[in-house]
Amino acid sequence: EAPLRFTVERARRVVPGALSGHLPQSFPVAVYMRDRPVLPEGATVLAESAAGDPLVFQIGDNCLGFLGHPGAKSAMIEDLIMEFEEVPDGTAETLAELRAAQAEIAAALGQIMVGLIEITGLMRASG
């Protein structure tokens, strides 16, 4: 079983025009998870970590996946920490890193949400 990890990673857009041009070129993302998904054939990686791991991906026209939470706040992670017996190494330092990145995370989230809405059609009038 893979160890539980908590990181604040720097996502780098790898597809120009991703999320209808709204995915920032670079943005922080908090990752609190054990495993990494295996992307299906045909998935397009939109943003990756410095190590080349996918952080944002798209399947088809309107299905998007995120490793980590594009709008994570330190209180959300603190709640997760309290739910598990296992605590990732360096948690206190990573929480401080997350707190320092909050303003940049919030700014990127606004752009990402606009792109998500456009890609998924969530705000289209029905009928």
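Residue indices follow the written sequence of each chain, beginning from 1 at its first position. Local features are withheld for residues below a pLDDT of 70 in this predicted model, meaning they are given only at 70 or higher, and side-chain atom pairs are given and counted only at 80 or more; totals for whole chains, interfaces and linings count all residues. Side-chain calculation: all heavy atoms of the structure are included, whereas hydrogens and water are not.

Novice: Explain the side chain of Glu48 residue by residue, including any values.
Specialist: Put simply, DSSP marks the helices as runs of H or I at least four residues long and the strands as runs of E at least two long, and each gets a number from the N terminus on. Turning to its location among the elements, Glu48 is positioned in strand S3 (residues 44-48). Looking at Glu48, its side chain comes within polar contact range of the side chain of Arg12, at 2.5 Å. Sequence-distant contacts of Glu48, that is, excluding residues within four places in its chain, are made with Arg10, Ala11, Arg12, Val14, Asp53, Pro54 and Leu55. A 3.5 Å cut-off defines polar contacts: any pair of N or O atoms within that distance qualifies, except that in protein one atom must be a possible hydrogen donor and the other a possible acceptor, and neighbouring residues in sequence count only when both atoms are side-chain atoms. The contact criterion used throughout is that any non-hydrogen atoms of two residues lie within 4.5 Å.

Novice: An account of the packing of aromatic side chains is requested, with residue identities and associated values reported.
Specialist: The way to describe two aromatic rings as a pair is by their centre distance and the angle between their planes. Any pair of Phe, Tyr and Trp rings, taking the six-membered ring for Trp, is counted once the centres come within 6.5 Å. Such a pair is stacked with planes under 30 degrees apart, edge-to-face with planes over 60 apart, and tilted for the rest. Tallied over the full model, the rule gives 1 aromatic pair. Ring plane angle 55° and centroid distance 5.6 Å describe the contact between Phe6 and Tyr32, whose orientation is recorded as tilted. Remark: Tyr32 occurs in strand S2 (residues 26-33) and Phe6 occurs in strand S1 (residues 5-13); sequence separation between them is 26 residues. When sorted by exposure, Phe6 lands in the same class as Tyr32, which is buried. Exposure is judged per residue with a 1.4 Å probe applied to protein chains only, and the accessible area is read against the type maximum: over 50% gives exposed, under 20% gives buried, and values in between give partly exposed.

Novice: Tell me about the sheet that holds S1, residues and numbers included.
Specialist: Between any two strands, pairing holds if DSSP finds at least two bridges. If you walk across this open sheet you meet the 5 strands as S2-S1-S3-S4-S5, and the pairing is antiparallel. Of all the strands in the sheet, just S2 and strand S5 (63-66) have a single pairing partner and so form its edges. On average, adjacent strands in this sheet sit at an angle of 35° to one another, irrespective of strand direction. One ladder, built from 4 bridges, connects S3 with strand S4 (residues 54-59); its direction is antiparallel. Axis lines are fitted to C-alpha atoms, over the contacting stretch for helices. Their N-to-C directions set the angle, which ranges from 0 to 180 degrees.

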